[in-house]
Amino acid sequence: IFYQLLKPGKGERNFHIFYQLLKAPKSVRQKFLLEKPSSYFYLKQSGCFEVDNVDDREEFEITDNAMKSVGIGDKRRDAIFGVVAAVLHLGNVKFSPKQIDDAEGCSIDSGSKSSLENFCGLLDLDAKAIGKALTTRKLQTMAPGGKIETYSVPQNPVQAAGRRDAMGKALFERLFDLLVQRVNVSLDVKKIAKKIGENLVSAEDMLSLGVLDIYGFEIFDVNGFEQLCINYVNEKLQQIFISLTLKAEQDEYESEGIAWTPIPFFNNKIVCELVEGAKPPGLFRVLDDTCKTMHSRGETALDRGFLDNLGKSFGGHAHFRKIGSGRPGFIIKHYAGDVTYDVKGFGEANKDVLDKELILLLQATGGSSGSASLLSTLFPEEVDLNDKRMPKTSGFKIRNQCGDLVKTLSDCNPHYVRCIKPNDQKAPCRVEMSRVIHQSQYLGLLENIKVRRAGFAYRAEFHRFVERFNLLSPDTSGPSMKIGMADKEAAKSILRNVKRQYGVDLNKAEAQLGRTKIFVRSPEMYFEFERLRLVAIGVWATKIQRVYKRYTSRRHLIKRRDEMARMYEEAGKRRRRGSFARPYDGDYVEEPEIREALLDVITYYEGDEDQGALSGEGGFKVKLDYVDWLKRAVEDPSGFVRLESTLIALTSQALYILSPPNGDELQEASDCTSADGDENGTPLPPLMLRRRIELSSISNAYMSKLPDDYLCLKVTPGEVMEKEDKSKWVPDGDVKACQHTGTKFSLFTRRHHCRFSGGIYISQCCNYTSPLPDLGYYTPVRIHDHFIGLGSTEIKEDLLLLTDRKTEIVGTLKAMKKGRVGVKFS
């Protein structure tokens with residue numbers, strides 16, 4: 001990750017500590033000779049200096065206090081900040097080309113000598129020696145007779161910049177490692193206990209908790225050596241995560257007595273071997289060999305030679321493809337997808353050009369300041385100039401570090417916390433699905449989920465399953481619940497009842513009982529359990545609501561009944577004996593299917609989450625003040641008046657008149673093809689809305705003085721509309737495809753407006769016809785299947801009702817309209 005120091009991504013900041021230090025108090029900045037962020041080469045390459053909602057000045061204080069809290073003293077903190085500042089100054093050292101005899105050499109650019117002096121001054125180094133070491137390189141050869149001869153080889157500007165960057169990268173990397181070690185020391189419980197005089201158990205008997213912050217899979221427009229290293233580590237982690245997930249699955253199955261069947265999954269071992277393999281050599285080893293054999297060649301030739309060697313080694317590999325044209329590179333088929341790598345810079349990034357000469361100069365700090373002592377800590381190794389072994393490459397280091405990490409993880413019991421970044425703007429309550437899907441893919445979530453779903457997707461302890469789904473069996477809920485039933489028996493009872501009562505195809509392959517847990521194979525089956533649970537909750541909520549309403553409203557209903565009785569007495573209306581003491585309940589509909597259909601209609605017009613009652617499955621909320629079946633006088637086409645079974649519902653806004661589909665409607669529906677393509681007919685809802693009458697339109701209620709059951713409601717008729725109401729119609733240009741099927745409109749696929757909703761669909765989705773007088777359609781027009789039964793099919797006119805609960809209806813109307821309904825007798 002320290003390669004980011006040299007080349008941060010476009011639009012991304014470098015390491016945060018640089019910007020924090022540049023916003024430190026003025027005295028600190030003056031001490032380390034610091035200027036604004038855009039003055040430093042390592043920072044200005046990305047063009048990003050600030051991040052929204054991040055106060056670097058405040059962050060510096062937090063970082064400084066954090067170092068204090070782990071026991072880093074004032075002098076050592078100054079030394080640490082001095083090294084960070086020195087790295088910034090070192091990055092500003094530039095080189096000018098210079099011909100030295102027959103070789104292409106360079107010298108320190110005159111404009112950047114002050115940067116070199118600042119770097120050396122902060123670390124108490126010899127500026128002249130450092131400048132010479134950057135622009136020349138010592139080369140030792142074996143002369144005849146065994147004598148070792150040393151040559152000074154000039155470096156061109158590119159090579160000198162590479163030595164500069166190697167020094168800066170080494171300083172920052174080792175400083176980072178030192179801070180990590182210091183934090184670990186401060187967290188060493190045994191040492192802390194010993195310091196305060198407490199006795200603890202041995203370190204071997206103590207538990208430890210490690211936190212691994214996974215960097216995440218990376219894929220950019222241009223991917224280089226750094227992205228390969230990061231993605232290789234993710235491949236290794238994915239390999240161990242899949243293995244541990246499989247092992248955990250197998251162990252759980254065995255402990256529960258469930259038969260284990262092998263789970264198919266993509267084993268990315270082949271990709272890991274492609275990158276790290278020894279026999280045959282993997283990509284890292286091919287890169288090391290190329291760097292070793294072509295060390296004297298230029299960067300471009302080295303990268304081209306590496307690419308050629310890859311083509312020879314992996315030409316037929318299923319997960320590798322070489323790209324020779326355009327931008328030279330190669331493609332690796334990772335578990336998360338194909339990634340294209342640009343081969344440019346691979347050789348230089350892999351080589352460790354911090355040679356022994358530079359290390360010796362850093363160790364030869366001449367002062368006694370804190371920075372000088374810190375350098376001795378950062379570079380403690382003994383340098384043997386006679387050791388001819390090649391320095392360890394970056395590829396070798398990442399390979400070994402990753403191996404150690406995998407070994408450590410294999411000895412642990414891992415738990416995962418997957419962090420998903422919802423958007424790039426850090427905005428609250430905003431989720432960008434493309435961003436989430438991208439992270440889910442490149443964090444390896446999909447492969448882990450595939451492994452879990454390939455077996456039993458859902459598993460839970462018996463007691464948790466029973467607590468969640470106890471409403472699905474009369475043995476575990478309700479008045480017939482069996483007290484003291486064992487959790488396993490209760491789970492069995494739920495499964496039996498789901499299969500018997502709800503008709504769910506629940507076989508042994510789909511659900512099994514282990515020793516302590518229940519296993520459900522498919523997610524769809526688990527979702528069906530959840531759906532049935534919502535239905536059961538709706539049923540129980542309706543029952544509870546009805547009982548509660550009956551209890552809380554009894555006083556008001558009795559008062560309303562007494563008021564109506566006084567009104568009848570004053571008007572001289574005769575009553576039947578049974579009507580005097582009839583209780584007012586308000587809700588007289590029991591059938592769940594009818595209630596659901598009724599609530600669907602009312603919710604379309606009035607549904608709101610802030611209202612009172614739960615309907616069944618859908619969870620819509622509406623408040624019903626009165627609902628009951630009665631008879632309604634209806635004139636048929638021949639002119640005769642007949643009584644039709646009708647459901648009326650009163651809410652705070654309107655009176656709803658509904659009835660089941662009649663013969664003509666059933667016949668038309670059977671002749672239509674449904675919107676989903678079913679040629680057997682269009683399904684109709686159990687109830688069709690006939691009229692929706694606003695309460696403000698009901699002015700009077702008429703009753704006779706005889707002891708009969710007739711009630712007439714005076715309704716203000718609606719205006720006859722000269723033009724159809726098309727205010728809800730979606731403009732043609734806004735929709736390019738059917739809003740139901742997704743079929744694109746064309747010359748042969750015509751669009752059609754649903755006259756009720758205004759949505760645009762293909763013609764086949766709107767085969768059913770119905771009058772919609774409230775919208776100006778007095779003859780049948782075509783509407784979409786989903787809106788059948790939601791629009792009024794009759795014009796507003798007076799109602800003649802036949803019901804033995806007319807007194808309760810009138811009393812409810814008067815209460816809801818606060819007495820603004822006239823009651824007249826004749």
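Residues numbered from 1 in each chain as written. Predicted model: local features only at pLDDT ≥ 70, side-chain atom pairs only at ≥ 80, totals over all residues. Heavy atoms only, no water.

## A closer look at the pattern of salt bridges
Turning to step 1, where the next piece is worked out: Enumeration according to the criterion identifies 33 salt bridges in this entry.
Turning to step 2, where the next piece is worked out: Linking Lys 322 and Asp 308 is a salt bridge whose minimum nitrogen-to-oxygen distance equals 3.4 Å. Taken together, the residues Lys 322 in strand β5 (residues 320–323) and Asp 308 in helix α13 (residues 299–314) connect sequence positions 14 residues apart.
Turning to step 3, where the next piece is worked out: Judged by its relative accessible area of 38%, Lys 322 falls in the partly exposed class.
Turning to step 4, where the next piece is worked out: A relative accessible area of 31% places Asp 308 in the partly exposed class.
Turning to step 5, where the next piece is worked out: For Glu 694, the salt bridge goes to Arg 692, with nearest N and O atoms at 3.7 Å.
Turning to step 6, where the next piece is worked out: The class for Arg 692 is buried, based on a relative accessible area of 13%.
Turning to step 7, where the next piece is worked out: When salt bridges with common partners are traced through the structure, they connect Arg 632, Arg 642, Glu 644, Arg 691, Glu 794 and Glu 797 into a single cluster. (Salt bridge = Lys/Arg side-chain N within 4 Å of Asp/Glu carboxyl O. Helix = DSSP H or I, 4+ residues; strand = E, 2+ residues; numbered from the N terminus. Buried < 20%, exposed > 50% of the residue type's maximum accessible area, 1.4 Å probe, protein only.)

## Topic: unusual backbone geometry
Turning to step 1, where the next piece is worked out: Residues Lys 279 and Pro 280 are joined by a peptide bond in cis, for which omega reads -5°.
Turning to step 2, where the next piece is worked out: Tracing the sequence through the fold places Pro 280 in the loop between α11 (269–276) and α12 (283–293).
Turning to step 3, where the next piece is worked out: At Leu 33, a position not held by glycine, the phi torsion is positive, near 60°.
Turning to step 4, where the next piece is worked out: Summarising the element assignment, Leu 33 is placed in the loop between α2 (26–31) and α3 (41–44).

## As for the nonpolar core
Turning to step 1, where the next piece is worked out: Residues Phe 18, Phe 119, Met 167, Leu 171 and Phe 379 are the most contacted members of the largest nonpolar core, which totals 59 residues.
Turning to step 2, where the next piece is worked out: Element by element, the count of residues in this core is highest for helix α5 (residues 74–91), at 10 residues.
Turning to step 3, where the next piece is worked out: Met 167 has contacts with Leu 90, Phe 119, Ile 130, Leu 134, Leu 354, Leu 358 and Leu 362, leaving out every residue within four places of it along the chain.
Turning to step 4, where the next piece is worked out: Listed in part, the 39 residues of the second largest apolar core include Leu 598, Tyr 656, Cys 738 and Phe 745. (Core = buried A, V, L, I, M, F, W, Y, C linked by side-chain atoms within 4.5 Å. Contact = heavy atoms within 4.5 Å.)

## Topic: α5
Turning to step 1, where the next piece is worked out: A rise of 1.5 Å per residue sets the reference length of α5, with its 18 residues, at 26 Å; its end C-alpha atoms lie 26 Å apart and thus fit the reference within 8%.
Turning to step 2, where the next piece is worked out: Across the 18 residues that make up α5, a large majority, 14, are buried. (Expected span 1.5 Å × (residues − 1).)

## With respect to the packing of aromatic side chains
Turning to step 1, where the next piece is worked out: Here the structure, examined in full by the defined rule, presents 28 aromatic pairs.
Turning to step 2, where the next piece is worked out: Geometrically, the ring pair formed by Phe 225 and Phe 346 is edge-to-face, given 5.6 Å between the ring centres and 85° between the ring planes. Here Phe 225, found in helix α10 (residues 225–256), pairs with Phe 346, found in helix α14 (residues 346–350); they are 121 residues apart in sequence, far enough to count as distant.
Turning to step 3, where the next piece is worked out: Taking the relative accessible area as the measure of exposure, Phe 346 reaches 0% and is therefore buried. (Phe/Tyr/Trp six-rings, centres within 6.5 Å; stacked < 30°, edge-to-face > 60°.)

## Brief notes about a nonpolar patch on the surface
Turning to step 1, where the next piece is worked out: On the surface, a nonpolar cluster with roughly 240 Å² of combined accessible area is contributed by Leu 139, Tyr 151 and Val 153.
Turning to step 2, where the next piece is worked out: By secondary structure assignment, the location of Val 153 is in strand β4 (residues 148–154). (Patch = residues over 30% accessible without salt bridge, like charges linked within 9 Å, V, L, I, M, F, W, Y side chains within 5 Å. Areas by Shrake-Rupley, 256 points an atom, 1.4 Å probe, with all protein chains shown as cover.)

## Details of the packing of α10 against helix α17 (residues 394–410)
Turning to step 1, where the next piece is worked out: For the pair α10 and α17, interaxial distance at closest approach is 10 Å and the crossing angle is 20°. Taken together, the axes of α10 and α17 lie roughly parallel to each other. The hand of the α10/α17 crossing is right-handed. Together, Phe 225, Cys 229, Tyr 232, Val 233, Lys 236, Leu 237 and Ile 240 of α10 and Ser 394, Gly 395, Ile 398, Arg 399, Cys 402, Leu 405, Val 406, Leu 409 and Ser 410 of α17 make up the contact between the two elements.
Turning to step 2, where the next piece is worked out: Partitioned by chemical class, the residues of the contact of α10 with α17 number 11 nonpolar, three polar and two charged. (Axes fitted to C-alpha atoms, helices over the stretch in contact; angles between N-to-C directions. Parallel < 35°, antiparallel > 145°, perpendicular 65-115°, else oblique. Left-handed = near helix turned anticlockwise from the far one by under 90°. Nonpolar A, V, L, I, M, F, W, Y, C, P; charged D, E, K, R; others polar.)

## Regarding the sheet that holds strand β14 (residues 641–650)
Turning to step 1, where the next piece is worked out: Read across the open sheet, the eight strands follow the order β16-β15-β14-β13-β23-β18-β17-β24; overall the sheet is mixed. In this open sheet, the two strands that pair with only one neighbour each are β16 (688–694) and β24 (822–825). Along the sheet, successive strands turn relative to each other by an average axial angle of 30°, direction set aside.
Turning to step 2, where the next piece is worked out: Strand direction decides the pairing type here: β14 and strand β15 (residues 654–659), joined by four bridges, are antiparallel. (Pairing = 2+ DSSP bridges.)

## Overview of the pairing of β16
Turning to step 1, where the next piece is worked out: Of all seven residues that make up β16, six are buried, and the element is covered over most of its length.
Turning to step 2, where the next piece is worked out: Relative to β16, β15 runs antiparallel, the two sharing six bridges. Looking across to β16, one finds that Leu 655 is bridged to Ile 693.

## Description of the confidence of the model for the protein
Detail in the predicted coordinates should be disregarded across regions flagged by low pLDDT.
Turning to step 1, where the next piece is worked out: Taken over all residues, the pLDDT of the protein has a mean of 85, while the share at 70 or more is 91%.
Turning to step 2, where the next piece is worked out: Confidence drops under a pLDDT of 50 for residues 609–620, and excluding neighbours within four residues, the segment shows 27 contacts in the predicted structure. (pLDDT = per-residue confidence, 0-100.)

## Points about the sheet that holds strand β8 (residues 458–461)
Turning to step 1, where the next piece is worked out: Taken in spatial order, the three strands of this open sheet run β8-β10-β9, and their pairing is antiparallel. Across the chains shown, the open sheet's two edge strands, defined by having one partner strand only, are β8 and β9 (511–513). The average angle at which neighbouring strand axes cross in this sheet is 15°, direction not considered.
Turning to step 2, where the next piece is worked out: Inspection of the sheet shows β8 paired to strand β10 (residues 517–520) by four bridges, in the antiparallel sense. Residue pairing across strands places Ala 460 opposite Ile 518, the latter belonging to β10.
Turning to step 3, where the next piece is worked out: Against the sheet, α10 engages β8 and β10, with an angle of about 125° to β10.

## Things to note about the state of the cysteines
Turning to step 1, where the next piece is worked out: Overall, the coordinates contain zero disulfides when judged by the stated rule.
Turning to step 2, where the next piece is worked out: Here Cys 106 is not cross-linked by a disulfide; its sulfur's nearest cysteine counterpart is in Cys 120, at 15 Å.
Turning to step 3, where the next piece is worked out: Classification of Cys 106 as buried rests on a relative accessible area of 4%.
Turning to step 4, where the next piece is worked out: Cys 419 carries a free sulfur, and the closest cysteine sulfur to it, the one in Cys 429, is 18 Å from it.
Turning to step 5, where the next piece is worked out: Relative accessible area serves as the criterion here: at 61%, Cys 419 is assigned to the exposed category. (Disulfide = S-S within 2.5 Å.)

## Remarks on helix α16 (residues 370–378)
Turning to step 1, where the next piece is worked out: Considered for burial, the residues of α16 that qualify are Ser 371, Ala 372, Leu 374, Leu 375 and Leu 378. Looking straight down α16, one finds that the buried residues subtend no more than 160° of arc, so they occupy a single side.
Turning to step 2, where the next piece is worked out: Against α5, α6 (113–123), α8 (157–186) and α15 (356–363) lie the buried residues of α16. (Arc of directions from axis to C-beta.)

## Observations regarding the side chain of Lys 817
Turning to step 1, where the next piece is worked out: Examined against the element boundaries, Lys 817 turns out to sit in the loop between α25 (806–816) and β24.
Turning to step 2, where the next piece is worked out: Despite being buried, Lys 817 has no salt bridge partner; Glu 694 is the closest side chain of opposite charge, sitting 10 Å away.
Turning to step 3, where the next piece is worked out: At 2.7 Å, the side chain of Lys 817 forms a polar contact with the backbone oxygen of Ile 698. (Lys, Arg positive; Asp, Glu negative; His and termini not counted. Polar contact = N/O pair within 3.5 Å; in protein donor to acceptor, adjacent residues only side chain to side chain.)

## Structural notes on the environment of Asp 177
Turning to step 1, where the next piece is worked out: Along the chain, the position of Asp 177 falls in helix α8.
Turning to step 2, where the next piece is worked out: It is 9.1 Å that separates the C-alpha atoms of Asp 177 and Leu 378, two residues lying 201 residues apart in sequence.

## Focus: the side chain of Glu 606
Turning to step 1, where the next piece is worked out: By secondary structure assignment, the location of Glu 606 is in helix α23 (residues 592–606).
Turning to step 2, where the next piece is worked out: One polar contact links Glu 606 to Thr 651, side chain to side chain, over a distance of 2.7 Å.

## Here's the deal with a negative patch on the surface
Turning to step 1, where the next piece is worked out: Negative charge collects at one region of the surface, where Glu 591, Glu 593, Glu 596 and Asp 600 lie side by side.
Turning to step 2, where the next piece is worked out: For Glu 596, the location among the structural elements is in helix α23. (Charge placed at Lys NZ, Arg CZ, Asp CG, Glu CD.)

## Notes on the environment of Ile 783
Turning to step 1, where the next piece is worked out: Residue position: Ile 783 is located in strand β22 (residues 777–783).
Turning to step 2, where the next piece is worked out: Between the C-alpha atom of Ile 783 and that of Ser 763, which follows or precedes it by 20 residues, the distance is 10.0 Å.
Turning to step 3, where the next piece is worked out: Setting aside its immediate chain neighbours within four residues, Ile 783 contacts Cys 754, Arg 755, Phe 756, Cys 765, Cys 766, Asn 767, Tyr 768, Ser 770, Leu 772 and Ile 788.

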